[in-house]
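Below are the chains, spelled out letter by letter.
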Amino acid sequence: MIILAIETSCDETSAAVVKDGKEILSNVVVSQMDIHKEFGGVVPEVASRHHVTSITKVIDSAIEQASINTKDIDFVAVTKSPGLIGALLVGINAAKAFALANKIPILGVHHIKGHIYANQIENEMKFPLVSLVVSGGHTELIYMEKHNSFKQIGSTLDDAVGEAYDKVARVLGLGYPGGPIVDKLAHQGDITYDLPKPYLNKDEFEFSFSGLKSAVINLIHNARQRNEEIRVNDVCASFQDSVTDVLVYKTIKAANKFNVKQIIVAGGVAANKGLRSKMKENSSGFDLAIPSIKYCTDNAAMIGIAAYYQYQDLNNYDKMDLNGKPYTELDKY
Ligand code: KG4
Ligand code: ZN
């Protein structure tokens, strides 16, 4: 089964060709990061416009790089939610146009499902499993009993982890996106600032990062007012230590409670080196799967893999009235 997958939920225009839910024949990702950097974050309308100019070229390249003919494609998978609505609609309309022109069906896929299924590219998923999903918009713990079955067991009550990283980087003047640079500087610093580890022992699987974010912002503002030196690397190291302690502790707790075989980490923040190594150190007894960095951040290959398993389970496609939604919960299936 050959699937053409399209992902445009945020600031990456991506198309991929995926075979039999496993083999990535191509995965083209055009990032708009340099454009949004100038504004210190993603500007939704600017993102939509750039998706429009890139999408056709990206789809053409994905098909060409996969060395297939258009007629080999069985269906088109596309991210339907959550995401920036204007950005999602560019991908959805491109998918519909391609499907109509080639008389093939379309299938809408939840973005978070894609992040989780990015793990299936290089590792075999082993059930039951628990997945920590951490990105710019999400911080969730998801339990999966089998393929295409999702139960949310915890989530953030306020900010997503990636959002907190981006905000901290902004206050420190480190640019956008903040995650990778804070991660890099954290490795050059020491944990010398006393920062909270929010919800570590509270509300079993819920997270909260706005308090930690505010603690870092206050610390920086106070130091500036007093003309004190801010040891940027140490702030990054201390912030990252608090974040990763909470994420790892709660994930392992969930893995034990639900007696899972495997722990998987997914989403853009899964690229974080501190999180990857702390999770490795603390997950003995469980099979740990984390995608390689290129499959952690947004890409269409992960949407193609998730679409394959969704189709295997439900055996149906979407109609041409498929619409994008800025937010929907990860459905049970
Ligand atoms: O999954 P993703 O590409 O887009 C969303 O669906 O949100 O995640 C982007 C988020 C951004 O907040 C970015 O700062 C964060 O992932 N991120 C990281 C790292 N690389 C990307 N956060 C921490 N450490 C990293 N190495
Ligand atoms: Zn994402």
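Coordinates for the structure precede this section.
A brief report on the enclosed structure follows.

Reading the values: rules and limits
Residues numbered from 1 in each chain as written. Chains lettered and ligands numbered in written order. Predicted model: local features only at pLDDT ≥ 70, side-chain atom pairs only at ≥ 80, totals over all residues. Heavy atoms only, no water. Pairing = 2+ DSSP bridges. Helix = DSSP H or I, 4+ residues; strand = E, 2+ residues; numbered from the N terminus. Axes fitted to C-alpha atoms, helices over the stretch in contact; angles between N-to-C directions. Contact = heavy atoms within 4.5 Å. Near = heavy atom within 4 Å. Polar contact = N/O pair within 3.5 Å; in protein donor to acceptor, adjacent residues only side chain to side chain. Areas by Shrake-Rupley, 256 points an atom, 1.4 Å probe, with all protein chains shown as cover. Nonpolar A, V, L, I, M, F, W, Y, C, P; charged D, E, K, R; others polar. Core = buried A, V, L, I, M, F, W, Y, C linked by side-chain atoms within 4.5 Å. Buried < 20%, exposed > 50% of the residue type's maximum accessible area, 1.4 Å probe, protein only.

1. Side note on the sheet that holds strand E4 (residues 75-81)
Where strands meet in a sheet, backbone hydrogen bonds hold them as pairs that are either parallel or antiparallel.
Piece 1. Spatially, E3-E2-E1-E4-E5 is the arrangement adopted by the five strands of the open sheet, whose pairing is mixed. Two strands bound the open sheet, and with one partner strand each, they are strand E3 (23-31) and strand E5 (106-110). Pairwise comparison of adjacent strand axes, ignoring direction, gives a mean angle of 20° for this sheet.
Piece 2. Sheet analysis places strand E2 (residues 12-19) next to E3, joined by eight bridges and oriented antiparallel. When the sheet's bridge partners are listed, Ala-15 is paired in E3 with Val-28.

2. Considerations on the environment of Pro-177
Piece 1. Among the secondary structure elements, Pro-177 is positioned in the loop between helix H6 (161-171) and helix H7 (178-186).
Piece 2. Here the alpha-carbon distance between Pro-177 and Glu-163, two residues 14 residues apart in the chain, equals 9.4 Å.
Piece 3. Contact partners of Pro-177, with chain neighbours within four places excluded, come to Met-33 and Asp-166.

3. Some details on the sheet that holds strand E6 (residues 129-134)
Piece 1. One open sheet holds the five strands; their spatial order is E8-E7-E6-E9-E10, and the pairing between them is mixed. Each edge of the open sheet carries a strand with a single partner, namely strand E8 (151-155) and strand E10 (287-289). Along the sheet, successive strands turn relative to each other by an average axial angle of 20°, direction set aside.
Piece 2. Where E6 lies against strand E7 (residues 139-144), six bridges are found, and the strand directions are antiparallel. Each residue of the ladder has a partner; that of Val-130, found in E7, is Tyr-143.
Piece 3. Together, E6, E7, E8 and strand E9 (262-266) form the strand contacts of helix H9 (residues 232-257), whose direction differs from that of E6 by roughly 160°.

4. So, the site of ligand 1
Piece 1. Taken together, 18 residues lie around ligand 1, and His-115, Gly-136, Asp-166, Gly-268 and Asn-272 are the ones closest in.
Piece 2. Between ligand 1 and Gly-162 there is a distance of 3.3 Å, counted from an oxygen atom to a backbone nitrogen or oxygen.
Piece 3. Relative to its unbound accessible surface of 550 Å², ligand 1 loses 89% to contact with the protein.
Piece 4. Those elements giving two or more residues to the shell around ligand 1 turn out to be helix H4 (111-117), H6 and H7.
Piece 5. In terms of residue count, the dominant contributor to the shell around ligand 1 is H7 (four residues).
Piece 6. Here the residues of the shell around ligand 1 sort into four nonpolar, 11 polar and three charged.

5. Structural notes on the nonpolar core
Piece 1. Phe-239 and Leu-247 are the most contacted members of the largest nonpolar core, which has 50 residues in total.
Piece 2. Counting residues per element, the ones that place at least two in this core are E6, E7, H6, H7, helix H8 (210-225), H9, E9 and helix H10 (273-282).
Piece 3. For this core, the element with the most residues is H9, which contributes 11 residues.
Piece 4. Residues contacting Leu-247, with those up to four places away along its chain left out, are Leu-132, Val-134, Thr-139, Val-161, Phe-207, Phe-209, Leu-275 and Met-279.
Piece 5. Ala-16, Ile-116, Ile-305 and Tyr-309 belong to the second largest nonpolar core, which has 35 residues in total.

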